Amino acid sequence: MDNFIEALLSEKTDRIPAEYDWFAPLIGDWACDYYDEPEKGFKRHVKGEWFFRRILEGTGVQDIFIFPSRATKENEPQPDGEYGSSFRMFNKVDRCYDVVYTCDHSMKRLCFTKQGDKLVGKVLSEENAFWIFSDITEDSFHWENVRISDGNEKFLVCEIFGKRIG
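Parameters and conventions
- Residues numbered from 1 in each chain as written.
- Predicted model: local features only at pLDDT ≥ 70, side-chain atom pairs only at ≥ 80, totals over all residues.
- Heavy atoms only, no water.
- Helix = DSSP H or I, 4+ residues; strand = E, 2+ residues; numbered from the N terminus.
- Rg over C-alpha atoms; globule rule 2.2 N^0.38 Å.
- Core = buried A, V, L, I, M, F, W, Y, C linked by side-chain atoms within 4.5 Å.
- Buried < 20%, exposed > 50% of the residue type's maximum accessible area, 1.4 Å probe, protein only.
- Contact = heavy atoms within 4.5 Å.
- Polar contact = N/O pair within 3.5 Å; in protein donor to acceptor, adjacent residues only side chain to side chain.

1. Some remarks on the overall build of the protein chain
Right, on to step 1. When its secondary structure is counted, the protein chain shows 1 helix and 10 strands.
Right, on to step 2. What you see in the protein chain, going N to C, is helices and strands ordered as α-β-β-β-β-β-β-β-β-β-β.
Right, on to step 3. The globule rule puts the C-alpha radius of gyration for 166 residues at 15 Å, and the 16 Å found for the protein chain is close to it.
Right, on to step 4. Along the longest, intermediate and shortest principal axes, the C-alpha atoms of the protein chain span 50 × 45 × 30 Å.

2. Some words on the nonpolar core
Right, on to step 1. Membership of the largest hydrophobic core comes to 30 residues, with the highest contact counts inside it found for Trp50, Phe112 and Phe133.
Right, on to step 2. It is strand β5 (residues 96-103) that contributes the most residues to this core, 4 residues altogether.
Right, on to step 3. Discounting residues that sit within four places of it in the chain, tryptophan 50 has contacts with Gly28, Asp29, Trp30, Cys32, Asp63, Ile64, Phe65, Phe133, Phe141, Trp143 and Ile160.
Right, on to step 4. In this structure, Val120, Phe130, Val146 and Ile148 belong to the second largest nonpolar core, which totals 5 residues.

3. Some points on the environment of aspartate 36
Right, on to step 1. Looking at the element boundaries, aspartate 36 is found in strand β1 (residues 28-39).
Right, on to step 2. Residues aspartate 36 and serine 10, 26 residues apart in the sequence, show an inter-C-alpha distance of 34 Å.
Right, on to step 3. Among residues more than four places away in sequence, those in contact with aspartate 36 are Phe42, Lys43, Arg44, Val157 and Cys158.
Right, on to step 4. Among the polar contacts made by the side chain of aspartate 36, one reaches the side chain of tyrosine 34 at a distance of 3.0 Å.
Right, on to step 5. Separated by 2.7 Å, the side chains of aspartate 36 and arginine 44 make a polar contact.

4. Things to note about unusual backbone geometry
Right, on to step 1. Residue proline 68 is bonded to the preceding phenylalanine 67 through a cis peptide linkage, with omega at 0 degrees.
Right, on to step 2. Within the chain, leucine 56 stands out as a residue other than glycine whose phi angle is a positive 45 degrees.
Right, on to step 3. By secondary structure assignment, the location of leucine 56 is in the loop between β2 (42-55) and β3 (60-67).
Right, on to step 4. Positive phi values are uncommon outside glycine, yet asparagine 128 reaches one of about 65 degrees.
Right, on to step 5. If you trace the backbone, asparagine 128 turns up in the loop between β7 (118-123) and β8 (129-134).

Here it is in structure tokens:
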């Protein structure tokens, strides 16, 4: 195996306490359906891929985010498509996950906490911006990019429904 891949990827699970191993159900490969409304009245659906793996001796989880999917990008190109990656490192002191997401036009820092059965990521540089994983099962999940007003009203920017591959 390539030294870089061998050093990056890990099967270990003992570095994150079991009660904080919130992203464990997402480890694996996912086919995804992305929905947004980039222009008023124009609802868009894009097929994508999302891969999650344990990294660095089990201290974190990394993902690769591919929209549109490699299988559909030629026939259904998206000028604003995103190919990116997140690094989720467990923060033992604050008992949360420090996260960095980056793609070719953006880099965001988030802090993820568990709120009930949801994993809620506060986008640190944006007021009232959250990324939320919910309805996580063995074979599916729901992800939302939302803005929550001071009056607790939710505005959905986009959402993804994932289905496990294999």
